[in-house]
Amino acid sequence: MNYWLMKSEPDVFSIDDLKTKTTSWDGVRNYQARNHMKNMKQGDLVFFYHSSCKNIGIAGIAKVITEAYPDHTSWEPSNHYFDPKSTPDNPKWFMVDLEFVRKFPKIISLSSLKESPELKDMPLLKKGNRLSVMPVSEIEWQVINRKQSHTI
DNA sequence: GCCAACGTTGGC
DNA sequence: GCCAACGTTGGC
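Below you will find a few notes about this structure. Predicted, not measured: the structure shown is a model, and the values here were computed from it. Numbers given to residues run from 1 along each chain, matching the order in which its sequence is written. The order in which chains are written sets their letters, starting at A; the order in which ligands are written sets their numbers, starting at 1. In view of the model being predicted, local features appear only for residues whose pLDDT reaches at least 70, and side-chain atom pairs are presented and counted only at 80 or more, with totals across whole chains, interfaces and linings using the full set of residues. Hydrogen atoms and water are omitted, and side-chain values are computed over all heavy atoms in the structure.

**Thoughts on the sheet that holds strand 2 (residues 23–24)**
Only strands joined by at least two bridges in the DSSP assignment are considered to pair. Counting from the N terminus, the helices are DSSP H or I runs at least four residues long and the strands are E runs at least two residues long. Strand order in the open sheet made by the six strands is 2-7-4-3-1-8, with mixed pairing throughout. Two strands close off the open sheet at either side, each with one partner strand: strand 2 and strand 8 (133–136). As defined by bridge partners, strand 1 (residues 3–8) adjoins strand 8 across four bridges and the pair is classed as antiparallel. Bridge pairing in strand 8 links Met 6 to Val 133. In this description, contact between two residues means that some pair of their heavy atoms is separated by no more than 4.5 Å. Lines fitted to the C-alpha atoms define the axes, with helices restricted to the stretch that makes contact. Angles between their N-to-C directions range from 0 to 180 degrees. Across the sheet, helix 2 (residues 31–38) touches strand 1 and strand 8, and the angle it forms with strand 8 is around 50°.

See the structure below:
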């Protein structure tokens, strides 16, 4: 099993929204992020990160419930994420389905993540990094979960 | 709202 | 294949 981190703007889709319904993670239009999704397996766990908002940080945990499959929004001309280079016969973009696992009682803030030397290699914490889907090592997963349990 | 950092596009 | 211009991301 592998671990991941995925960013979402809570004003658009938050951990509370995920709690009410499983979701298809469509609209990813970045090659690196797409390739990470293609490497996801059923049962992988995901830190759900809230970006571009008041309370930035990891809000909870989600689970991957499907492997990557073609993102149909990419060939719908009316869709905001339409890409003329992607077709049903030759899809260019992919998505996975996620379900809610847990919401942390308190968001693990970005600033508190930056305080842990064990996490300094996470792409998330690198200056200027904009990757929206990234792998998390087992060590990083454990360190962050430990951080979370201490805040209860 | 600002702006630095990044990925993508397209002219050459 | 280079690189300037552009659009987007995302913390502050």
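**Details of the protein's contact with DNA strand C**
Around DNA strand C, the surrounding shell consists of Lys 7, Tyr 49, Ser 51, Ser 52, Ile 56, Leu 110, Lys 114 and Arg 130. Atoms of DNA strand C within 4 Å of the protein: sugar and phosphate make up 76%, bases the balance. Under the rule applied, a polar contact is a pair of N or O atoms within 3.5 Å (in protein, one hydrogen donor and one hydrogen acceptor; residues adjacent in sequence only if both atoms are side-chain atoms). One of the side-chain nitrogen or oxygen atoms of Lys 114 is found 3.1 Å away from a phosphate oxygen of DNA strand C. Measuring from a base oxygen of DNA strand C, one finds a side-chain N or O atom of Arg 130 at 2.8 Å. Of the residues contributing to the surface near DNA strand C, the split by class is three nonpolar, two polar and three charged. Nearness of a residue to a molecule or strand requires only that one of the residue's heavy atoms be within 4 Å of it. In the scheme used here, Gly and all other residues not listed as nonpolar or charged are polar, with Ala, Val, Leu, Ile, Met, Phe, Trp, Tyr, Cys and Pro taken as nonpolar and Asp, Glu, Lys and Arg as charged.

**Quick look at the nonpolar core**
Ranked by internal contacts, the top residues of the largest apolar core, which has 39 residues, are Leu 5, Met 6, Trp 25, Phe 47, Ile 58 and Leu 98. The residues touching Phe 47, leaving out its near neighbours within four places in the chain, are Trp 4, Leu 5, Met 6, Ile 58, Gly 60, Ile 61, Phe 104, Val 136, Trp 141, Ile 144 and Asn 145. To qualify as a nonpolar core, a set must consist of buried Ala, Val, Leu, Ile, Met, Phe, Trp, Tyr and Cys residues joined through side-chain atoms within 4.5 Å. A simple rule labels every residue: compare its accessible area, found with a 1.4 Å probe on the protein chains alone, to the largest value its type can have, and call it buried under 20%, exposed over 50%, or partly exposed in between.

**Things to note about the layout of surface pockets**
The pocket and cavity definitions rest on a 1 Å grid over protein atoms only: a 1.4 Å probe that fits but cannot leave marks a cavity, an open set with protein on both sides within 12 Å along at least five of seven lines marks a pocket, and residues lining either have an atom within 4 Å of a point. Grid points are joined across faces, edges and corners, and a volume is the space filled by probe spheres set on the points. In this structure, the largest pocket occupies an estimated 670 Å³ of space. The wall of the largest pocket is formed by 21 residues, among which Lys 7, Ser 8, Trp 25, Tyr 81 and Ser 132 lie closest to the centre. Sorting the residues of the lining of the largest pocket by element identifies strand 1 and strand 2 as the ones contributing at least two each. Its residues assigned to classes, the lining of the largest pocket comprises six nonpolar, ten polar and five charged.

**So, the pattern of salt bridges**
By definition, a salt bridge exists where a carboxyl oxygen of Asp or Glu is found within 4 Å of a side-chain nitrogen of Lys or Arg. A complete count under the given rule lists four salt bridges for this structure. Lys 103 is the partner of Asp 16 in a salt bridge, and the nearest nitrogen-oxygen pair spans 3.0 Å. Of this pair, Asp 16 sits in helix 1 (residues 15–20) while Lys 103 sits in strand 7 (residues 97–109), placing them 87 residues apart in sequence. Residue Asp 16 is classed as partly exposed on the basis of its relative accessible area of 37%.

**Details of the protein's contact with DNA strand B**
Surveying the vicinity of DNA strand B reveals the residues Asn 30, Tyr 31, Lys 85, Lys 127, Gly 128 and Arg 130. In this structure, a phosphate oxygen belonging to DNA strand B sits 3.0 Å away from a side-chain N or O atom of Lys 127. Within the surface near DNA strand B, the residues separate by chemical class into one nonpolar, two polar and three charged.

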